[in-house]
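Structure at a glance
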Amino acid sequence: MASLEQDRITLDEARKYLQHVVRTHVTAEHDLRQDLRFRYGAPPCEMERQITFGMKDAWDILAERGIGATISDQVEQEMIAAGRSRAEVAMLRLVLDGHYRPMLQGHIGADRRAAEFEKVTGRRINGDREAIQLLELFIEGKRAANAVVTTPPARALASDVMDRFDPVQGTFPQDAEQPESPRSPDPVAASAVTDVQPYYTPVVVQEIVPDEPDSSDLDPSITAVIERMIQFKKHADEGLEEKTARQYRAFGTLIQRVTGKTDVRSLLQADFVKLRSVLLQLPKSFGKSPSDHTLPIESVLAKAEGLPKEKVGLAVGTVNRYVDHASALISAAKSEGFELHPRLDPGLLRRKEKGRARDKKRTFTREELETFFRHRYWSDPEPGPWLPPLAERRRSGLYWVPLIAAYSGLRREEIAGIGVDYVREEGGITYFDVITTTDRRIKNSSSRRKVPLHDDLIHLGLLEFVRDARKAGYVRLFPDLKEPASNIMGRKVGRKVEKFVTDIWGDAGTGLSLQSARHYVQHVLDLDKEVPAKVARDIMGHEGKDVHDSVYGDQSPIRALKAAIDRLPTLKGITSLPR
């Protein structure tokens, strides 16, 4: 416990965070059980028992062996010899390998833990050491909470009573003080969790498990395996976006339409080869017409034969996504204990991507950026037929996002999705705090960073804009950029920038986009010998050149980041834009 104090996470902070972990876990567990009862019926069935005990065992293993722990074949045999069924071990492997470990090792989970810690303690995590401590507290809190919620109320009450019993005297401490007859205990109240000490290990009672039946009671259909996989991913701490769940289901439907098979155990490598071949023959517009989902796949392919060549065949990235979904299906089926063909490996069918067209962007030159911001949208103080009044333009994300990109190198989604509370100050320096939030995910762990505001942005009035957004109670700095039909941030800005480029240069502007401003910033920083390479990487959110840089290097100090940002040259005409 004393080490917590030395590493800056105080004992009081640790307790507050653990209480938060326990409270949220118990709520999520209650929701999971309700969902299981809805799907499989009440009272509790074998499926619910396998899932809940798989989750409990997984947290025990992670706490004792670390986040790299896995269920090897040897460990599986030892567990079966100790009385576990194959179905239980398969469920445990699915929970551990498919859900908990990726969540604990990923940067998204780390960001969420940091955000929750800040919410309950009022301060941010400081450095990698505290992040590791927070991970340990999270695992221990989950382990303790799981031990409580998986213990029947009567057993928990009996264990609590026995902790207070004096076997020598044969009495309880309250016998002398309260001679009157005790009231009947309330088992439900006894099971309520108010405060759990993470280092307390509850009494473990060996539960008698019936022998495993000859055949698994899990539905082996492709649809059922995918639904169980989606269910687990949704209840994992990182959750699952509904868009991804729809993609999993669409894949499951398509593989059954292509192969005519419904049982996951009957799938062969040749089935996935056939699926990939079909994907390359489908119309590029496949899925947009209602008939695409009802016509026999042969009819869809026949219609594609009459289309121009450039309109046939799904993109390599889309084909690879289907292949990845196939790999996820096979992994989930194996984790559940189904016997599959030993040479089944859909991942071998991935195609190498040469690069997406949207990534093949030119880099703005300084002169081109200066010309771009002379466009009427920024430079004309008067409204026009399609041009809103200047004050209205200055309150929009379309006005600010390209300027911020040209003076920070931030990605479009990072700027468009920034929250008002994530424009922060440290040591008198205002910066964008780029982390995962409920509204926006970041690209990778290196994308978590602090990017100071350039002096030109401050001169243009960005801080006043942020202040006004706070007063108005906005959550996002640019709420006008959220598209109701999707969670993609800033797409409308990207389209507008490309329109402005066409207005200015016509065909000569081909390849210039909002991303070109990010490339410009990187180009300037890379050529500036006064900016250390690590500082440039920290601003751009890029990985280090080697393992040492990636794993052990702390982020550059905020003052070094600010000094580098301010070395980006002032674009001619920017500071004189009308306000």
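It should be noted that the structure appears before, not after, this text.
The present account deals with the structure reproduced in this document. (Residues numbered from 1 in each chain as written. Predicted model: local features only at pLDDT ≥ 70, side-chain atom pairs only at ≥ 80, totals over all residues. Heavy atoms only, no water.)

Each helix and strand in the protein was counted, giving 26 helices and three strands. Within the protein, buried positions represent 43% of all 579 residues. If you take every contact in the protein between residues at least 6 apart in sequence, the share linking residues at least 24 apart comes to 70%. Of the roughly 30700 Å² of accessible surface on the protein, a fraction of 52% belongs to carbon and sulfur atoms. (Helix = DSSP H or I, 4+ residues; strand = E, 2+ residues; numbered from the N terminus. Buried < 20%, exposed > 50% of the residue type's maximum accessible area, 1.4 Å probe, protein only. Contact = heavy atoms within 4.5 Å. Areas by Shrake-Rupley, 256 points an atom, 1.4 Å probe, with all protein chains shown as cover.)

Looking only at helix H21 (residues 462–471), the buried set comprises Leu 462, Phe 465, Val 466 and Ala 469. Along H21, the residues classed as buried sweep out an arc of 100° about the axis, all on the same side. Elements in contact with the buried residues of H21: helix H18 (397–406), strand S1 (423–426), strand S2 (429–434) and helix H20 (455–460). Gly 473 occupies a position one or two residues after H21 and carries a positive phi of about 80°. (Arc of directions from axis to C-beta.)

By secondary structure assignment, the location of Ala 245 is in helix H11 (residues 242–259). Its relative accessible area of 0% is what places Ala 245 among the buried residues. As a C-alpha pair, Ala 245 and Lys 234 span eleven residues in sequence and 8.8 Å in three-dimensional space.

Attention now goes to the side chain of Ser 408. Within the fold, Ser 408 resides in the loop between H18 and helix H19 (412–416). Among the polar contacts made by the side chain of Ser 408, one reaches the main-chain carbonyl oxygen of Ile 404 at a distance of 2.6 Å. Here Leu 410 takes part through its backbone nitrogen, which lies 3.1 Å from a polar atom of the side chain of Ser 408. When near neighbours in sequence (up to four residues on either side) are disregarded, Ser 408 contacts Val 451, Val 521, Ile 539, Ile 565 and Leu 568. (Polar contact = N/O pair within 3.5 Å; in protein donor to acceptor, adjacent residues only side chain to side chain.)

What follows is about the sheet that holds strand S3 (residues 449–452). Reading across the sheet, the three strands line up as S1-S2-S3 and stay open at both edges, with antiparallel pairing between neighbours. Each of the sheet's edge strands pairs with one partner strand only, and the pair in question is S1 and S3. Between one strand axis and the next, the sheet turns by 45° as a mean value, whatever way the strands run. With four bridges connecting them, S2 and S3 associate as antiparallel partners. In the sheet register, Tyr 431 faces S3, and the bridge partner there is Pro 452. (Pairing = 2+ DSSP bridges. Axes fitted to C-alpha atoms, helices over the stretch in contact; angles between N-to-C directions.)

Glancing now at the pairing of S2. Taking burial as the measure, the six residues of S2 include six buried ones, the bulk of the element. Burial of S2 is two-sided: the residues Ile 429, Tyr 431 and Asp 433 facing one way and the residues Thr 430, Phe 432 and Val 434 facing the other way are all buried. The pairing of S1 with S2 spans four bridges and is classified as antiparallel. Paired with Glu 426 across the two strands is Ile 429, which belongs to S2. Between the end of S1 and the start of S2, which pair antiparallel, lie two residues, with Gly 427 showing a positive phi angle near 60°.

The next subject is the packing of H11 against helix H14 (residues 316–335). Across the interface, H11 lies against H14 with an axial gap of 10 Å and an inter-helix angle of 85°. By the angle class used here, H11 and H14 are roughly perpendicular. Contact with H11, carried on its side by Gln 247, Tyr 248, Phe 251 and Leu 254, involves Arg 321, Tyr 322, His 325, Ala 326, Ala 328 and Leu 329 of H14 and no other residues of that element. The class makeup of the residues in the contact of H11 with H14 is seven nonpolar, two polar and one charged. (Parallel < 35°, antiparallel > 145°, perpendicular 65-115°, else oblique. Nonpolar A, V, L, I, M, F, W, Y, C, P; charged D, E, K, R; others polar.)

Across the interface, helix H10 (residues 222–235) lies against H11 with an axial gap of 10 Å and an inter-helix angle of 170°. In terms of their interaxial angle, H10 and H11 are classed as roughly antiparallel. Taken as a pair, H10 and H11 cross one another with a handedness that is right-handed. Contact residues: Ile 222, Thr 223, Ile 226, Glu 227, Met 229, Ile 230, Lys 233 and Lys 234 in H10; Glu 242, Ala 245, Tyr 248, Arg 249, Phe 251, Gly 252, Ile 255 and Gln 256 in H11. (Left-handed = near helix turned anticlockwise from the far one by under 90°.)

Okay, the pattern of salt bridges next. Inspection of every chain in the model, using the stated rule, returns 29 salt bridges. The shortest N-O distance in the salt bridge between Asp 12 and Lys 16 comes to 3.4 Å. Here Asp 12 and its partner Lys 16 are both found in helix H2 (residues 11–40), four residues apart, which amounts to about one turn of the helix. In this structure Asp 12 comes out as partly exposed when scored by relative accessible area, which is 44%. Overall, the relative accessible area of 36% leaves Lys 16 in the partly exposed class. In this structure, Arg 424 and Asp 433 form a salt bridge, with 2.5 Å as the shortest nitrogen-oxygen distance. Counted as one network, the salt bridges with shared partners bring together Asp 60, Glu 64, Glu 140 and Arg 143. (Salt bridge = Lys/Arg side-chain N within 4 Å of Asp/Glu carboxyl O.)

Let us now look at the packing of aromatic side chains. Within the structure shown, the criterion is met by 13 aromatic pairs. Consider the rings of Trp 400 and Phe 465, whose centres lie 5.8 Å apart with planes at 40°: the pair is tilted. One end of the pair, Trp 400, is in helix H18; the other, Phe 465, is in helix H21, with 65 residues separating them in the sequence. In terms of burial, Trp 400 and Phe 465 fall into one category: buried. Put simply, the rings of Phe 364, Phe 372, Phe 373, Tyr 377, Trp 378, Phe 500 and Trp 505 pair up and form one aromatic cluster. One cation-aromatic arrangement involves Arg 113 over Phe 138; the distance from NZ or CZ to the ring centre is 5.6 Å. A cation sits over an aromatic face here: Arg 393 above Tyr 377, 6.0 Å from the ring centre. (Phe/Tyr/Trp six-rings, centres within 6.5 Å; stacked < 30°, edge-to-face > 60°. Lys NZ or Arg CZ within 6 Å of the ring centre and 35° of its normal.)

Position of Pro 220 among the secondary structure elements: in the loop between helix H9 (187–190) and H10. Here Pro 220 falls in the buried class, since its relative accessible area comes to 17%. If near-sequence neighbours (up to four positions away) are discounted, Pro 220 is found in contact with Val 225, Thr 262, Asp 263, Val 264, Arg 265 and Phe 338.

Right, let's talk about the nonpolar core for a bit. Among the nonpolar cores identified, the biggest contains 68 residues, and Phe 251, Phe 272 and Leu 282 are the most heavily contacted of them. The residues touching Leu 282, leaving out its near neighbours within four places in the chain, are Ile 297, Val 300, Leu 301, Ala 304, Val 312, Gly 313 and Leu 314. Counting residues in each nonpolar core, the second largest holds 64 residues, with Ala 406, Tyr 422, Val 524 and Ile 565 among its members. (Core = buried A, V, L, I, M, F, W, Y, C linked by side-chain atoms within 4.5 Å.)

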